[in-house]
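Here is how the chains run, residue by residue.
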Amino acid sequence: MNAEELDKVSVLFNHAEAKLKLIERLHSQELVVPSVNELRYAGFHIIQALSAPSPETEKENWQRAANHCKRAIYDALEVGVLDRLEAFKQFEIDYRLVEIPLIIPSYIDLRTVARKAQQLIADLENIEAYKDRDRYYQDIENHFNELNDAVDKITDARPELNKILNNRRKQFYLILVGIAATIFAGLLSVILPLYLLG
């Protein structure tokens, strides 16, 4: 048994499991099936490596286990990025009538983070474009972490933005009441004299 390979795969497996739990928590406790399957395959290859008949077979199975762990991390993070992008999109819909940078001065930077993450997902449709798969996995993890932080920041701003929306609604209601009162007074000034003369 190669203890060094076991340690390497154990670190990757634990990292994948931690990311999977995080994404499930963010994604309304929905199971990220592709990641779970990849961890299952990793477990299969770990067992194969531990009982391998030759050093070559053992090494091949350790590598396959590591690759499945990396893929599990990627699959979970891809779901996480898509979930965070959806949260960002919903935020922009909810506050489309508010000047968000008044409350979140760094909002343009946060939008840039979201745009870059969205571009990464579009680019990742062709994983083969990445010559270095380890860099690919690191890129998606970095984008997820930045996007998750951005969504935390915009979520923290919701109460203040809601105050602005509520004030605007009150002002709009007061304007409508004022217009209605003016129209009513105008009609009354026309109709009342006619009624009194008639």
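Look above for the structure.
Residues numbered from 1 in each chain as written. Predicted model: local features only at pLDDT ≥ 70, side-chain atom pairs only at ≥ 80, totals over all residues. Heavy atoms only, no water.

Chemist: Outline the overall build of the protein, supporting the account with residue identities and numerical values.
Modeler: For the protein, the count of helices and strands is 5 helices and 0 strands. When the helices and strands of the protein are listed from N to C terminus, the series reads α-α-α-α-α. Over its C-alpha atoms the protein spans a radius of gyration of 28 Å, topping by over 25% the 16 Å that the globule rule assigns to 198 residues. With the C-alpha coordinates of the protein rotated into their principal frame, the extents come out at 110 × 30 × 25 Å. Residues counted as buried form 34% of the 198 residues belonging to the protein. Across the protein, every contact between residues at least 6 apart in sequence was considered, and the portion connecting residues at least 24 apart equals 73%. Of the roughly 12,700 Å² of accessible surface on the protein, 57% is carried by carbon and sulfur atoms. Computing the positive centroid from 24 side-chain charges and the negative centroid from 30, the protein places the two 6 Å apart. (Helix = DSSP H or I, 4+ residues; strand = E, 2+ residues; numbered from the N terminus. Rg over C-alpha atoms; globule rule 2.2 N^0.38 Å. Buried < 20%, exposed > 50% of the residue type's maximum accessible area, 1.4 Å probe, protein only. Contact = heavy atoms within 4.5 Å. Areas by Shrake-Rupley, 256 points an atom, 1.4 Å probe, with all protein chains shown as cover. Lys, Arg positive; Asp, Glu negative; His and termini not counted. Charge placed at Lys NZ, Arg CZ, Asp CG, Glu CD.)

Chemist: Account for the side chain of Glu-141, with residues named and values stated.
Modeler: Tracing the chain through its elements places Glu-141 in helix α5 (residues 133-197). Classification of Glu-141 as buried rests on a relative accessible area of 11%. Not counting chain neighbours up to four residues away, the residues in contact with Glu-141 comprise His-15, Lys-19, Ile-73 and Leu-77.

Chemist: Any chance you could break down the nonpolar core for me, citing the residues and the numbers?
Modeler: Counting 46 residues, the largest nonpolar core has Val-81, Phe-88, Phe-91 and Ile-104 as its most contacted members. At 13 residues, the largest contribution of residues to this core is made by helix α3 (residues 55-94). Residues in contact with Phe-91, not counting those within four places in the same chain, are Ile-100, Ile-104, Tyr-107, Ile-154, Arg-158 and Leu-161. (Core = buried A, V, L, I, M, F, W, Y, C linked by side-chain atoms within 4.5 Å.)

Chemist: Summarise the pattern of salt bridges; cite the residues concerned and give the values.
Modeler: Two side chains bearing opposite charge may form a pair once their charged atoms approach each other closely. For the structure shown, the criterion picks out 8 salt bridges. Here Glu-141 and Lys-19 are joined by a salt bridge, their closest N and O atoms 3.4 Å apart. With Glu-141 in helix α5 and Lys-19 in helix α1 (residues 3-26), this pair connects stretches of sequence that are 122 residues apart. For Lys-19, a relative accessible area of 12% translates into the label buried. (Salt bridge = Lys/Arg side-chain N within 4 Å of Asp/Glu carboxyl O.)

Chemist: So what about the packing of aromatic side chains? Which residues, and what values?
Modeler: One pass over the full model with this rule turns up 4 aromatic pairs. Judged by centre distance (6.1 Å) and plane angle (10 degrees), the ring pair of Phe-88 and Tyr-107 falls under stacked. A residue pair is termed long-range when its members are at least 10 positions apart, and Phe-88 in helix α3 and Tyr-107 in helix α4 (residues 107-123) qualify at 19 residues. Three or more aromatic residues link up through ring pairs in this structure, and these residues are Phe-88, Phe-91, Tyr-95 and Tyr-107. (Phe/Tyr/Trp six-rings, centres within 6.5 Å; stacked < 30°, edge-to-face > 60°.)

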